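Topology and contacts: notes
In case you want the letters, here they are:
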Amino acid sequence: MFDLEGAKSLARYKTWADNLTLSAVAALPAAEAARERPTLFKSIIGTLNHSYVVDLIWQAHLEGREHGFTARNLLPYSELEPLIEAQREANEWLVGWVAAQSELSLREAVAFRLVSGEAGSMTRAEILLHIVNHATYHRGWVSDLFFQIPAKPPTTDWNVFLREARA
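Owing to the predicted nature of the structure, the values given are computational and were not obtained by experimental measurement.

Calculation criteria
- Residues numbered from 1 in each chain as written.
- Predicted model: local features only at pLDDT ≥ 70, side-chain atom pairs only at ≥ 80, totals over all residues.
- Heavy atoms only, no water.
- Helix = DSSP H or I, 4+ residues; strand = E, 2+ residues; numbered from the N terminus.
- Rg over C-alpha atoms; globule rule 2.2 N^0.38 Å.
- Buried < 20%, exposed > 50% of the residue type's maximum accessible area, 1.4 Å probe, protein only.
- Contact = heavy atoms within 4.5 Å.
- Areas by Shrake-Rupley, 256 points an atom, 1.4 Å probe, with all protein chains shown as cover.
- Lys, Arg positive; Asp, Glu negative; His and termini not counted.
- Charge placed at Lys NZ, Arg CZ, Asp CG, Glu CD.
- Phe/Tyr/Trp six-rings, centres within 6.5 Å; stacked < 30°, edge-to-face > 60°.
- Pairing = 2+ DSSP bridges.
- Salt bridge = Lys/Arg side-chain N within 4 Å of Asp/Glu carboxyl O.

**Details of the overall build of the protein**
Of regular secondary structure, the protein possesses six helices and two strands. Reading the protein from its N end, one meets helices and strands in the order α-α-α-α-β-β-α-α. Relative to the 2.2 N^0.38 estimate, which gives 15 Å for 167 residues, the radius of gyration of the protein is 16 Å and therefore close to what a compact globule would have. Dimensions of the protein, computed from the C-alpha atoms along their principal axes, are close to 45 × 45 × 20 Å. Looking at the protein as a whole, 48% of its 167 residues are labelled buried. Contacts in the protein between residues far apart in sequence, at least 24 positions, make up 71% of those at least 6 positions apart. Of the roughly 8,700 Å² of accessible surface on the protein, a fraction of 54% belongs to carbon and sulfur atoms. Here the protein carries 16 positive and 20 negative side-chain charges, and the mean point of each set is 3 Å from the other.

**Focus: the side chain of Thr 156**
The residue Thr 156 is located in the loop between helix H5 (124-148) and helix H6 (158-166) in this model. Ignoring anything within four residues of it in the chain, the contact list for Thr 156 reads Tyr 13, Trp 16, Ala 17, Leu 20, Thr 21 and Arg 139.

**Observations concerning the packing of aromatic side chains**
What the rule picks out here adds up to ten aromatic pairs. Centroid distance Trp 58 to Phe 112: 4.9 Å. Interplanar angle 75 degrees. Geometry classified as edge-to-face. Within this pair, whereas Trp 58 is found in helix H2 (residues 44-63), its partner Phe 112 is found in strand S1 (residues 109-113), the two being separated by 54 residues in sequence. Judged on exposure class, the residue Trp 58 and its partner Phe 112 are both buried. Consider the rings of Trp 93 and Trp 97, whose centres lie 6.1 Å apart with planes at 20 degrees: the pair is stacked.

**Describing the pairing of strand S2 (residues 119-123)**
Where S1 meets S2, five bridges bridge the pair, whose relative direction is antiparallel. Each residue of the ladder has a partner; that of Arg 113, found in S2, is Ala 119. Hairpin connection from S1 to S2: five residues lie between these consecutive antiparallel strands, with Gly 117 at a positive phi of about 95 degrees.

**Considering the environment of Trp 58**
For Trp 58, a relative accessible area of 7% gives the class buried. On a C-alpha basis, the gap between Trp 58 and Glu 118 in space is 14 Å, while along the polypeptide they are 60 residues apart. For Trp 58, the contacting residues outside a window of four places in its chain are Phe 112, Leu 114, Met 122, Ile 127, His 130 and Ile 131.

**Things to note about the pattern of salt bridges**
Under the definition given, this model contains eight salt bridges. Glu 5 is the salt-bridge partner of Lys 8, the closest N and O atoms lying 3.5 Å from each other. Taken together, the residues span about one helical turn, with Lys 8 and Glu 5 both in helix H1 (residues 4-26) at a distance of three residues. Across the pair Asp 55 and Lys 14 runs a salt bridge whose closest N-O atoms are separated by 2.7 Å. Here Asp 55 is found in helix H2, whereas its partner Lys 14 is found in helix H1, with 41 residues between them in sequence. Three or more residues joined by partner-sharing salt bridges are found here, namely Lys 14, Asp 18, Asp 55 and Arg 139.

**Quick notes on the environment of Ala 34**
Following the sequence through the fold, Ala 34 ends up in the loop between H1 and H2. Considering only alpha carbons, one finds Ala 34 and Gly 46, twelve residues apart in sequence, at a separation of 7.5 Å.

**Points about unusual backbone geometry**
A negative phi angle is the norm for most residues apart from glycine, just as the trans form is the norm for most peptide bonds. In this structure, Pro 150 follows Ile 149 across a cis peptide bond, with omega equal to 0 degrees. Within the secondary structure, Pro 150 is located in the loop between H5 and H6. You will see that Ala 31, though not glycine, has its phi angle at about 80 degrees, which is positive. Mapped onto the elements, Ala 31 comes out in the loop between H1 and H2. Residue Lys 42 is not a glycine yet carries a positive backbone phi of 75 degrees. With respect to the helices and strands, the residue Lys 42 is situated in the loop between H1 and H2.

Structure follows, in structure tokens:
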């Protein structure tokens, strides 16, 4: 699918993009992150919690352990600051996990059970790509919620990350 350096870049990209988004959310006027809006996860903080919970679910799959979640729409953090810290820790774990992989280990299949109970299997590289894509998808939701405030969301495009990373 992609090589080890590509995997490392994806993990760094997710961390960079999440950090930009979390910093932008923290800079919003008071109460905007928790304000209820017409979206599935009800608010910016609800959407960010969903993304975080899904990160933890896939982290458990990569570690070969049960994740313990029965839903993906949980709100482990109602306040932004602890959620920011938890997401940063999850991203640090992901960057460290990727650094410990090899070309061979990225191609190995991992069996898991989804929150629905359905069994699945993906390679470690496929799981990494899913984690990164899922976070990107929901950062897009957060961007839409910024426009509802109205406020300007950060630009978290892959090409912007690459330009900055190479500068």
